[in-house]
Amino acid sequence: MSQQVIGVENCASEPIRIPGGIQPHGALLVADPGSFRLLQISANATEILGPEFALGADLRRLIGPEVETWFGSEDASFQRTISLRDRLFAIVAHLTPQGGIFEFEPVSAAELASLEALNPRLRRLADNIVKLESVRELAQAAAREIRRISGFNRVLVYSFDPEWHGTVIAEDGDGVLPSYLDLRFPASDIPAQARELYRLNPIRLIPSASYVPAPLVPPLSPVDGQPLDLSFAALRSVSPVHLEYMRNMGTLASMSMSILVEEKLWGLISCHNAEPRQLAPQIRAACDFAAKLVALRVGAVERGAHAAQRIRLKQVETDLVARLARADDIETGLVQEARLWLSVADAQGAAIVAGEQVHGVGTTPSEAEIREIADWLRSEPRPDTFATDFLAQDMPGAERFAPVASGLIAASISQLHSRLVLWFRPEVIRTVTWGGDPHKPVIAAPGDRLRPRTSFGEWQEQVRNRARPWSRAEVESAEDFRNALINFVLLRAEEQAALTDQLERSNRELEAFSYSVSHDLRAPFRHIVGYAELLRDRVTNLDDKSRHYLGSITEAALAAGQLVDDLLAFSQLGRASIASTRVDMRKLVDEVRRALEPDMQGRNIVWEVDDLPPAWGDASLLRQALSNLIENAVKYSRGADPARIVISGVANPAETVYSIADNGVGFDMTYVDKLFGVFQRLHRAEDFEGTGIGLALTKRVIDRHGGWIRAEGKINHGAIFTFALPRGNGERGRV
Amino acid sequence: MENAGVSDLRPILLVEDNPRDLELTLAALAKCQLANEIVIARDGAEALDYLYARNAFEGRDPGAPSVVLLDLKLPKMDGLEVLSIIKNDPQQKHIPVVMLTSSREERDVLTSYEIGVNAFVVKPVDFNAFFEAIQDLGMFWAVLNEPPPRGNNA
């Protein structure tokens, strides 16, 4: 016979809130809130309560007029004990849109007598668990006390994981039923809608798993024609699947209390008995109260642990951000502070991805794999901070690096540069012991109805590709760090803007300064020269010495004027914009040579000028550069006869290289670094005139063009200056 | 070309605040042996007073100067402002203006030409070069350059 495995989510289709009947150990009545006439009754009502509890009867007459007071008040529930036909009944009632639902359960006098003992027990439990800081310990204390109160064979405390698998974290039993401590039960054992009902109605008792439900009469509510909603009814009949599950487990009576922490179903306290067992509503209420005490304490302990971890991680984050503020950039800072970076999320590896750049610390996947993760993260919209402890499930192909990155927190820092900060946790291979094979939750034979599993034998499974889950505090810490980084990035951008402003301002100031220098500094030199000349013209009978003095005054002032002009040219060069065109270098050299002719009178110079390739640049600036170099070659070869000046050029694919060589006095290579500095001179002023700015100016021109310049020399063996200019876009590659 | 008689020579207006530059410029002009009278204004406002025959120059001999030698940096109102007023006034704009400046600042040159300067001279440190420049300018503007025809409305 072929069998098929069906998800228990099929259970979701079962009408668990509107089963149409109740468990038969009590009776249920629905009364109209105005007339107190009975609208619906359970089929066993007349048998249990008496023939007068018939449809249409007035409930005030049957159980007393105080019912009316209850209906008029805000109090949502009604609980008391009454005597009917010499039997004691506990009445629990609640109001619904379909009428007031009254549930009657028989209680014994002995049970009522034992209620006296409940108070001290509950107080002791409260005193006990307040001292406990461990969830397991307080679950254990609750299991022990609830078993004493309820008298069931075994009490289990489950806690749910995020996937709703339950683990038994505490157990108290008398040995009649097997121990399930530390076993895991699959989420399918308690379907989603049952979990929701547990959240709404925190306690449920099934005194006998072999009961036959008592149907409601009439089946549909006369108020709205719908089946009666029994969500909040204690006697609500449960799913036959569940009863079968109980019988398969060997438990004929069960009671469950929900542990709600911050309105979420945190766990269950589940009581079982091998034999059927009834429990008075008052005792059930005490058990429920005990469960609530546990829930409060669990909430407090977890919040405390969360807060403690949060504070610790906040300190780490604050420390790290402070250190990053001193780093050159985020990437460098993070790598330097690897330990803190990892601690932010208590991770074993971390990486920052900026575009294609990856910087990692600790144990991480390879750079290529990190880029793959980043691409996957960017492939679709995700929360700014994304966390998983099961990356292989989320990301296709992630099994490959599961050993180092089963856990991932990804924080997106900037969309613009697609910057991501990642934390990794390695795979933790765990062995989980299930109470039965979780992969075979239900078995349905063709044509057969849904059946729960029958085996609760231990079933071990290795959990792979999973990391230790990130705690809420760790994810929040990563979020905080992300926000800090974003502020940091913004701050850096602001600082940059402020710096640019400042630079622009000081540039303007410098410009104003050099402007006034150019006007005011030149004037006095002009005046000195002017008056010296006027004096020379006026006094005709000067002796040679006086004439020499006068000549020196003029020369000195002229030199100073030249210095001012050179300095200005140099400072202007920083600001001048480059107007690039194709420049005929051969023509430029010829022009410069013509301009230098006065300096070359009486000199014997042999020129060797190649057919120079054209350059790409600003013609007037290049003329200045070339002029300085050629002027130097002429000047420093003054002592050579003949002087040789060789100018050559070659076009390489990316740049054009020119050189100017002479056979003059050369220079000591020791000082080559100083050659291109402002006011750096390697010769005495009386040997070679000059302001010491020419080569600095030349280098600046070449730099502004994106090129380079080098000098080589040897004392008394000449010098060679070589410079290169990048080729223009249109020129590139054409040799 | 009509030869202008000595008595027809209109004055040169020299606008210069720096006393040394003034003295040197006058010496240079004297060297040129120009017959033109040289009128001196020490700032931009005075220059305009002369051109518009007002304040200190009220009731001066009528007629525009043959050339204005205008320093760029002047107290009260600088050379560029004076130039701009002259060149924007239809009655004055034909007067040749030569800007004299210490500076090689490119923007001054550009601005001056935009406003309509007739020549721009950077005062060289070398006095001989300065002398030659002044001589050339004086000869050209004060003697050789014909003012535009005055038309019937003169």
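What counts, and where the lines are drawn
- Residues numbered from 1 in each chain as written.
- Chains lettered and ligands numbered in written order.
- Predicted model: local features only at pLDDT ≥ 70, side-chain atom pairs only at ≥ 80, totals over all residues.
- Heavy atoms only, no water.
- Helix = DSSP H or I, 4+ residues; strand = E, 2+ residues; numbered from the N terminus.
- Contact = heavy atoms within 4.5 Å.
- Areas by Shrake-Rupley, 256 points an atom, 1.4 Å probe, with all protein chains shown as cover.
- Buried < 20%, exposed > 50% of the residue type's maximum accessible area, 1.4 Å probe, protein only.
- Pairing = 2+ DSSP bridges.
- Axes fitted to C-alpha atoms, helices over the stretch in contact; angles between N-to-C directions.
- Salt bridge = Lys/Arg side-chain N within 4 Å of Asp/Glu carboxyl O.
- Polar contact = N/O pair within 3.5 Å; in protein donor to acceptor, adjacent residues only side chain to side chain.
- Phe/Tyr/Trp six-rings, centres within 6.5 Å; stacked < 30°, edge-to-face > 60°.
- Lys NZ or Arg CZ within 6 Å of the ring centre and 35° of its normal.
- pLDDT = per-residue confidence, 0-100.
- Parallel < 35°, antiparallel > 145°, perpendicular 65-115°, else oblique.
- Left-handed = near helix turned anticlockwise from the far one by under 90°.
- Nonpolar A, V, L, I, M, F, W, Y, C, P; charged D, E, K, R; others polar.
- Core = buried A, V, L, I, M, F, W, Y, C linked by side-chain atoms within 4.5 Å.
- Expected span 1.5 Å × (residues − 1).
- Arc of directions from axis to C-beta.
- Disulfide = S-S within 2.5 Å.

With respect to the overall build of chain A
Phase 1 of the analysis: Tallying secondary structure elements over chain A gives 19 helices and 29 strands in all.
Phase 2 of the analysis: In chain A, once contacts between residues fewer than 6 apart in sequence are set aside, the share between residues at least 24 apart is 67%.
Phase 3 of the analysis: Per element, the accessible surface of chain A, about 35,300 Å² overall, is 53% carbon and sulfur.

Thoughts on the overall build of chain B
Phase 1 of the analysis: Looking only at helices and strands, chain B has 5 helices and 5 strands in total.
Phase 2 of the analysis: When the helices and strands of chain B are listed from N to C terminus, the series reads β-α-β-α-β-α-β-α-β-α.
Phase 3 of the analysis: The buried share of chain B, reckoned over its 154 residues, is 47%.
Phase 4 of the analysis: A separation of at least 24 residues holds for 64% of the contacts in chain B among residues at least 6 apart in sequence.
Phase 5 of the analysis: When the accessible surface of chain B is totalled, it reaches about 7,900 Å², and 50% of it is carbon and sulfur.

So, the sheet that holds strand E26 (residues 643-651) of chain A
All names here are of chain A.
Phase 1 of the analysis: Strand order in the open sheet formed by 5 strands is E24-E26-E27-E29-E28, with mixed pairing between adjacent strands. A single partner strand is all that each edge strand has here, and the edge strands are strand E24 (605-609) and strand E28 (708-713). Across this sheet, the average inter-strand angle for adjacent strands is 10°, counted without regard to direction.

Side note on the pairing of strand E16 (residues 357-362) of chain A
Residue and element names in this part refer to chain A.
Phase 1 of the analysis: As paired strands, strand E15 (residues 349-354) and E16 are joined by 6 bridges and run antiparallel to one another. Within E16, the position partnered with valine 353 by the bridge is valine 358.
Phase 2 of the analysis: Linking E15 to E16, which pair antiparallel, is a turn of 2 residues; within it glycine 355 sits at a positive phi near 60°.

Overview of the pattern of salt bridges
Residues and elements named next belong to chain A.
Phase 1 of the analysis: Here the structure, examined in full by the defined rule, presents 44 salt bridges over all chains.
Phase 2 of the analysis: Taking the shortest distance from any N to any O, the salt bridge between lysine 314 and glutamate 317 comes out at 3.1 Å. Linking lysine 314 with glutamate 317, this pair stays in helix H9 (residues 281-326), spanning 3 residues, or about one helical turn.
Phase 3 of the analysis: Residue class for lysine 314 comes out partly exposed when judged on its relative accessible area of 33%.
Phase 4 of the analysis: Overall, the relative accessible area of 5% leaves glutamate 317 in the buried class.

Comments concerning the interface of chain A and chain B
Interfaces are frequently sized by the accessible area removed from exposure as the parts join.
Phase 1 of the analysis: The interface is formed by 23 residues belonging to chain A together with 23 residues belonging to chain B.
Phase 2 of the analysis: The tally of links between chain A and chain B comes to 1 salt bridge.
Phase 3 of the analysis: Put simply, B:Asp21 and A:Arg526 hold a salt bridge, and the shortest N to O gap is 2.8 Å.
Phase 4 of the analysis: Here chain A and chain B share 4 residue pairs in polar contact (both at pLDDT 80 or more) between them.

Some points on the packing of aromatic side chains
Phase 1 of the analysis: Scanning all chains against the criterion turns up 11 aromatic pairs over all chains.
Phase 2 of the analysis: Ring plane angle 65° and centroid distance 5.3 Å describe the contact between A:Phe160 and A:Trp164, whose orientation is recorded as edge-to-face.
Phase 3 of the analysis: For A:Trp164, a relative accessible area of 26% puts it in the partly exposed group.
Phase 4 of the analysis: With 6.5 Å between their ring centres and 35° between their planes, B:Tyr113 and B:Phe120 make a pair best called tilted.
Phase 5 of the analysis: Ring-pair connections join several aromatic residues into one group, and the members of that group are A:Tyr158, A:Tyr180 and A:Phe185.
Phase 6 of the analysis: The aromatic ring of A:Tyr180 is capped on one face by A:Arg154, whose charged end is 4.5 Å from the ring centroid.
Phase 7 of the analysis: Taking the ring centre of A:Phe386 as reference, the NZ or CZ of A:Arg382 above it sits at 5.7 Å.

Brief notes about the pairing of strand E3 (residues 67-71) of chain B
Residues and elements named next belong to chain B.
Phase 1 of the analysis: E3 sits mainly inside the fold: 5 of its 5 residues count as buried.
Phase 2 of the analysis: Side chains of E3 alternate between two faces, with Val67, Leu69 and Asp71 and Val68 and Leu70 buried alike.
Phase 3 of the analysis: Judged from the 4 bridges that link them, strand E1 (residues 12-15) and E3 form a sheet pairing that is parallel. Looking across to E3, one finds that isoleucine 12 is bridged to valine 67.

What to know about the confidence of the model for chain B
Residue and element names in this part refer to chain B.
Phase 1 of the analysis: For chain B, per-residue confidence averages 80 on the pLDDT scale, and 83% of positions sit at 70 or higher.
Phase 2 of the analysis: This model gives residues 1-7 a pLDDT under 50, and the stretch forms 2 contacts once residues within four places in sequence are excluded.
Phase 3 of the analysis: Per-residue pLDDT stays below 50 along residues 150-154; that stretch engages in 2 contacts with residues further than four places along the chain or on separate chains.
Phase 4 of the analysis: Confidence metrics for the complex model read pTM 0.55 and ipTM 0.74.

Examining the packing of helix H17 (residues 585-595) of chain A against helix H18 (residues 619-636) of chain A
Residues and elements named next belong to chain A.
Phase 1 of the analysis: Where H17 contacts H18, the axes come no closer than 10 Å and their chain directions differ by 55°. Between H17 and H18, the crossing angle belongs to the class labelled oblique. In the packing of H17 onto H18, the handedness of the crossing is right-handed. Contact with H17, carried on its side by Met585, Leu588, Val589, Glu591 and Val592, involves Ala619, Leu622, Arg623, Leu626, Ser627 and Ile630 of H18 and no other residues of that element.
Phase 2 of the analysis: Tallied by class, the residues present in the contact of H17 with H18 amount to 8 nonpolar, 1 polar and 2 charged.

Quick notes on the confidence of the model for chain A
Low-confidence regions, as indicated by low pLDDT, have predicted coordinates that should not be scrutinised in detail.
Residue and element names in this part refer to chain A.
Phase 1 of the analysis: Per-residue pLDDT for chain A has a mean of 85; in total, 92% of the residues score no lower than 70.
Phase 2 of the analysis: Highest mean pLDDT in chain A belongs to strand E4 (residues 38-42) (95); lowest belongs to strand E1 (residues 4-5) (37).
Phase 3 of the analysis: Within the model, pLDDT remains below 50 along residues 1-12, and this stretch shows 26 contacts once partners closer than five positions in the same chain are excluded.

Focus on the environment of A:His717
Residues and elements named next belong to chain A.
Phase 1 of the analysis: Relative to the helices and strands, histidine 717 resides in the loop between E28 and strand E29 (719-726).
Phase 2 of the analysis: Between the alpha carbons of histidine 717 and glycine 666 there is a distance of 5.6 Å; along the sequence they are 51 residues apart.
Phase 3 of the analysis: Apart from the residues within four sequence positions on either side, histidine 717 is in contact with Asp662, Gly664 and Val665.

Topic: the environment of A:Glu68
All names here are of chain A.
Phase 1 of the analysis: Note that glutamate 68 resides in helix H3 (residues 66-72).
Phase 2 of the analysis: With relative accessibility at 39%, the residue glutamate 68 sits in the partly exposed group.
Phase 3 of the analysis: Contact partners of glutamate 68, with chain neighbours within four places excluded, come to Phe36 and Arg60.
Phase 4 of the analysis: Within the structure, glutamate 68 has its side chain in polar contact with the side chain of arginine 60 (distance 3.3 Å).

Quick notes on the nonpolar core
Residues and elements named next belong to chain A.
Phase 1 of the analysis: In this structure, Met585, Trp607, Ile630, Ile647 and Phe723 are the most contacted members of the largest nonpolar core, which totals 44 residues.
Phase 2 of the analysis: Sort the elements by how many residues they give to this core and H18 lands first, with 8 residues.
Phase 3 of the analysis: When residues no more than four places from it in sequence are discounted, the contact partners of methionine 585 are Leu612, Pro613, Pro614, Ala615, Leu622, Leu626, Tyr658 and Phe723.

Some thoughts on helix H5 (residues 118-130) of chain A
All names here are of chain A.
Phase 1 of the analysis: End to end, H5 covers 19 Å across 13 residues, agreeing with the expected 18 Å (1.5 Å per residue, within 8%).
Phase 2 of the analysis: Those residues of H5 that sit buried are Leu118, Leu122, Leu125 and Ile129. Projected down its long axis, H5 carries its buried residues within an arc of 55°, all on one side. Exposed residues on H5 whose side chains face more than 90 degrees from its buried face are Asn119, Arg123 and Val130.
Phase 3 of the analysis: Elements that come into contact with the buried residues of H5 comprise helix H4 (109-114), helix H6 (135-150) and H9.

Here's the deal with unusual backbone geometry
A negative phi angle is the norm for most residues apart from glycine, just as the trans form is the norm for most peptide bonds.
Residues and elements named next belong to chain A.
Phase 1 of the analysis: That bond from valine 217 to proline 218 is cis: its omega, -10°, falls within 30 degrees of zero.
Phase 2 of the analysis: Its place among the elements puts proline 218 in the loop between strand E12 (214-217) and helix H8 (240-249).
Phase 3 of the analysis: In this structure, aspartate 182 is a non-glycine residue whose phi angle is positive, near 70°.
Phase 4 of the analysis: Looking at where aspartate 182 falls in the secondary structure, it is placed in the loop between strand E9 (166-173) and strand E10 (184-185).
Phase 5 of the analysis: Unusually for a residue other than glycine, aspartate 346 sits at a positive phi of about 50°.
Phase 6 of the analysis: Mapped onto the elements, aspartate 346 comes out in the loop between helix H11 (338-343) and E15.

Focus on the side chain of A:Arg425
Phase 1 of the analysis: Turning to its location among the elements, A:Arg425 is positioned in strand E19 (residues 419-425).
Phase 2 of the analysis: Looking at A:Arg425, its side chain comes within polar contact range of the main-chain oxygen of A:Pro469, at 2.9 Å.

Quick look at the state of the cysteines
Residues and elements named next belong to chain A.
Phase 1 of the analysis: One pass over the full model with this rule turns up 0 disulfides over all chains.
Phase 2 of the analysis: The thiol sulfur of cysteine 271 is not disulfide-bonded, and the nearest other cysteine sulfur, from cysteine 287, lies at 6.0 Å.
Phase 3 of the analysis: Overall, the relative accessible area of 0% leaves cysteine 271 in the buried class.
Phase 4 of the analysis: The class for cysteine 287 is buried, based on a relative accessible area of 0%.

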